[in-house]
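Okay, here's what each chain looks like letter by letter:
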Amino acid sequence: MAIDNQKTQIIIEDHVVPQLLTSAIEAYQHGDVTSIGTRLRNKLETYGLLWGYTLPARAGVPARIVAVTSTVEVSADRQRDSVDPIRASLKQKREFFETYWPNLELVGTFHSHPYKDLDEIKKNQGWRASGEDGDLGHWRGIHDEICPEYSHLAHIIVSVVCLDRKSTKWPERLGGNEAFTGYKLGAGNYRIWVKGYSTEREELADYIHEDEDGDAKANEGCNDEVEAFDRFGVSEEGYVLDSDGNILSYSDVEDESGFYVNEDIELHIPSLENRFSEHVNGRI
Ligand SMILES: [Zn+2]
């Protein structure tokens, strides 16, 4: 597949892939189990972190986020339609890596979306991120709280459906304009979708200007971008407002930055195609 040099690339290395897929399948199939072996709930979501390195954009080459290993948040609050990691646990892992694996840094998150059947996931486009009160807001918050000094993070969603019958299905790109952003495949009884997003730093100054009185005003057509910073509003006249509705001066906010969620990325998982395609071919 041709590579578009403008888009942020997320590259998932071979050693990450088993963790991504098996933790999603485990939470789906086995969920919670009590000490006497009784299953409490299955089809749960799971959550983990991606570790690796990020290469900044430079002439002719896009920013690249490379994940080389991953960890699972065992303490996360896992539900059927949500998962919430403990922030202190995320920070602890970051410190652990900084101490013992300083060559690797936090490059992103992953979590799973379990669905009952094919109809349900297709009807809900369940391989996609949930909205501002779900994944999009969560990712921005994680970027802001855990590593605000980083310009990029990757976020992977692994969606799972279990079928009654086994059928291995050749990995292929998602359909339509999502093609570059993910894959779908069949592995045994499971249908799996893997889709990537990134959060990227943006500067408020790109969306506002200073008026003659020194007040901050949103540029023409940029109200949504300003409001996406969460802590700002925009008045009918275009003034940038704080959370109490007061007009802010340009000098107060010109250095503000935040994170936006970018779906227009390229996700590359070379081993997914190699290993699963070989299996379909009967070579493994
Ligand atoms: Zn989600």
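No experiment lies behind these values; they were computed from the predicted model shown.

## Things to note about the pairing of strand S4 (residues 47-55)
- Here S4 runs beside strand S8 (residues 105-115); their pairing, made up of six bridges, is antiparallel. Each residue of the ladder has a partner; that of Trp51, found in S8, is Leu106.
- In terms of strand pairing, S4 meets strand S5 (residues 64-72) through eight bridges, oriented antiparallel. For Gly52, the partnering residue across the bridge sits in S5 and is Ala67.

## Examining helix H4 (residues 135-146)
- With twelve residues, H4 should cover 16 Å at 1.5 Å per step; its first-to-last C-alpha distance of 16 Å lies within 8% of that length.
- Taken as a whole, H4 has its buried residues at Asp135, His138, Trp139, Arg140, Ile142 and His143.

## Topic: helix H1 (residues 17-29)
- Here H1 contains 13 residues, and its C-alpha end-to-end distance of 18 Å stays within 8% of the 18 Å for a straight helix at 1.5 Å per residue.
- Regarding H1, the residues found buried are Leu20, Leu21, Ser23, Ala24, Ile25, Ala27 and Tyr28.
- The inward-facing, buried residues of H1 abut S4, S5, strand S6 (77-78), S8, strand S9 (152-162) and strand S12 (190-203).
- Phi turns positive one or two residues past the end of H1, at Gly31, with a value near 50°.

## Comments concerning the environment of Thr8
- Relative to the helices and strands, Thr8 is located in the segment before strand S1 (9-12).
- Placed 70 residues apart in sequence, Thr8 and Arg78 show a C-alpha to C-alpha distance of 30 Å.
- Beyond its immediate sequence surroundings of up to four residues, Thr8 is in contact with Pro62, Ala63, Ile65, His152, Ser198, Glu200, Asn262 and Ile265.

## Observations concerning the environment of Ser82
- Turning to its location among the elements, Ser82 is positioned in the loop between S6 and strand S7 (83-84).
- On the neighbour-count criterion, Ser82 (16 C-beta atoms within 10 Å) is partly exposed.
- Placed 31 residues apart in sequence, Ser82 and His113 show a C-alpha to C-alpha distance of 8.2 Å.

About the cut-offs
- Residues numbered from 1 in each chain as written.
- Predicted model: local features only at pLDDT ≥ 70, side-chain atom pairs only at ≥ 80, totals over all residues.
- Pairing = 2+ DSSP bridges.
- Helix = DSSP H or I, 4+ residues; strand = E, 2+ residues; numbered from the N terminus.
- Expected span 1.5 Å × (residues − 1).
- Buried ≥ 20, exposed ≤ 12 C-beta atoms within 10 Å, placed from the backbone.
- Contact = placed C-beta atoms within 7 Å.

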